[in-house]
Amino acid sequence: MPEAAKSEIANSLVPMTKQQAMIMLESAYLWMDMGKFDNARELLTGAATLMPKSEVPQLALGTLEFNQGNHDKALQAFRRAQQLSPRASLPRAHCGEALLFMGKVNEAMKELKSALELEPGSDGAKFAQTLMDAKEAGALPPPASAAKKK
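So, how was this worked out
- Residue positions are given per chain, counting from 1 as you read along its sequence in written order.
- Only residues with pLDDT of at least 70 are given local features in this predicted model, and only at 80 or more are side-chain atom pairs given and counted; all residues enter the totals for whole chains, interfaces and linings.
- Hydrogens and waters are ignored; side-chain quantities use all the structure's heavy atoms.
- Segments assigned H or I by DSSP are reported as helices when at least four residues long, segments assigned E as strands when at least two residues long, and all are numbered from the N terminus.
- One less than the residue count of a helix, multiplied by 1.5 Å, gives the span that helix is expected to have.
- Relative accessibility under 20% of the residue-type maximum defines a buried residue, over 50% an exposed one, and the middle range a partly exposed one, all with a 1.4 Å probe and only protein chains included.
- What the arc describes is the spread of directions from the helix axis to the C-beta atoms.
- Contacts were defined at the residue level, with two residues in contact if any of their heavy atoms lie within 4.5 Å.
- Here a polar contact is taken to be a pair of N or O atoms separated by no more than 3.5 Å, where protein atoms must pair a possible hydrogen donor with a possible acceptor and residues adjacent in sequence count only if both atoms sit in side chains.
- Here, a salt bridge means any Lys or Arg side-chain nitrogen found within 4 Å of an Asp or Glu carboxyl oxygen.
- Aromatic rings from Phe, Tyr and Trp, with only the six-membered ring used for Trp, were paired whenever their centres fell within 6.5 Å, and each pair was classed as stacked if the ring planes differed by under 30 degrees, edge-to-face if by over 60, and tilted otherwise.

## So, helix α3 (residues 37-50)
- For α3, spanning 14 residues, the distance from its first C-alpha to its last is 20 Å, which sits close to the expected 20 Å at 1.5 Å a residue.
- Inspection of α3 places Ala40, Leu44, Ala47 and Ala48 among the buried residues, and these make up the whole buried set. One side of α3 carries all its buried residues, which in axial view fall inside an arc of 100°. Away from its buried face, by an angle of more than 90 degrees, α3 presents the exposed residues Asp38 and Glu42.
- Where the residues of α3 are buried, they touch α2 (18-33) and α4 (56-67).

So, in structure tokens, the structure goes:
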């Protein structure tokens, strides 16, 4: 087993390796892909409880809510991730995405710009830039009727 997979997740409630955490989170994404949202939510809620100081389960919970069109609940989860990791760009980019879909463009752009500044070149910054480009191209935010249908 690679050394990185053996290392323990810091501050988890029970001893947990990174590999175990990855399997748990990947299983939740599989449940989401299968449309089994309740199963995914249960698994992700458990992961968030087991890893209370990690933003990753909160990002996944936000993604679950976002995929179901619950943009306000998604934003809440992304904000919790942001509180856990205030210097990370990915939670801010996801907050910006949820805000765009909620029609809160000015607030969204502040979050996306912040994501770019916090960690230039990171996955979060790239995601933020893609969202900003989509907004500039007129693809985002979606029309109010489309955002409410979800």
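Picking up after the structure, the text goes on.
## Overview of the environment of Leu100
- Here Leu100 lies in helix α6 (residues 89-101).
- Between the C-alpha atoms of Leu100 and His71, which are 29 residues apart in sequence, the distance is 9.5 Å.
- Contacts of Leu100, omitting those with residues within four sequence positions, involve Val105, Ala108, Leu112, Leu131, Lys135, Leu140, Pro141 and Pro142.

## Some details on α4
- Relative to the 16 Å expected for 12 residues at 1.5 Å per residue, α4 spans 16 Å between its end C-alpha atoms, a close match to the ideal helical length.
- Buried within α4 we find Pro57, Gln58, Leu59, Ala60, Leu61, Gly62, Thr63, Leu64, Glu65 and Phe66.
- The elements touched by buried residues of α4 are α2, α3, α5 (71-84) and α6.
- Once α4 ends, the next one or two residues include Gly69, with phi positive near 85°.

## Here we look at the environment of Glu65
- With respect to the element layout, Glu65 can be found in helix α4.
- Along the sequence, Glu65 and Gly96 sit 31 residues apart, while their C-alpha atoms lie 15 Å from each other.
- Apart from the residues lying within four places of it in its own chain, the contact partners of Glu65 are Arg41, Asn70, Lys73 and Ala74.
- A polar atom in the side chain of Glu65 sits 2.8 Å from the side chain of Asn70.

## Considering the pattern of salt bridges
- Taken as a whole, this structure holds 5 salt bridges when the rule is applied.
- Glu65 is the salt-bridge partner of Arg41, the closest N and O atoms lying 3.0 Å from each other. Here Arg41 is found in helix α3, whereas its partner Glu65 is found in helix α4, with 24 residues between them in sequence.
- What you see here is one network of salt bridges that share partners, running through Arg79, Arg92, Glu107 and Glu111.

## A closer look at the packing of aromatic side chains
- Per the stated rule, a full pass over the model turns up 1 aromatic pair.
- Where Phe66 meets Phe101, the ring centres are 4.9 Å apart and the plane angle is 80°; that geometry is what we call edge-to-face. Separated by 35 residues along the polypeptide, Phe66 in helix α4 and Phe101 in helix α6 bring together distant segments of the chain. This pair shows no difference in class: Phe66 is buried, exactly as Phe101 is.

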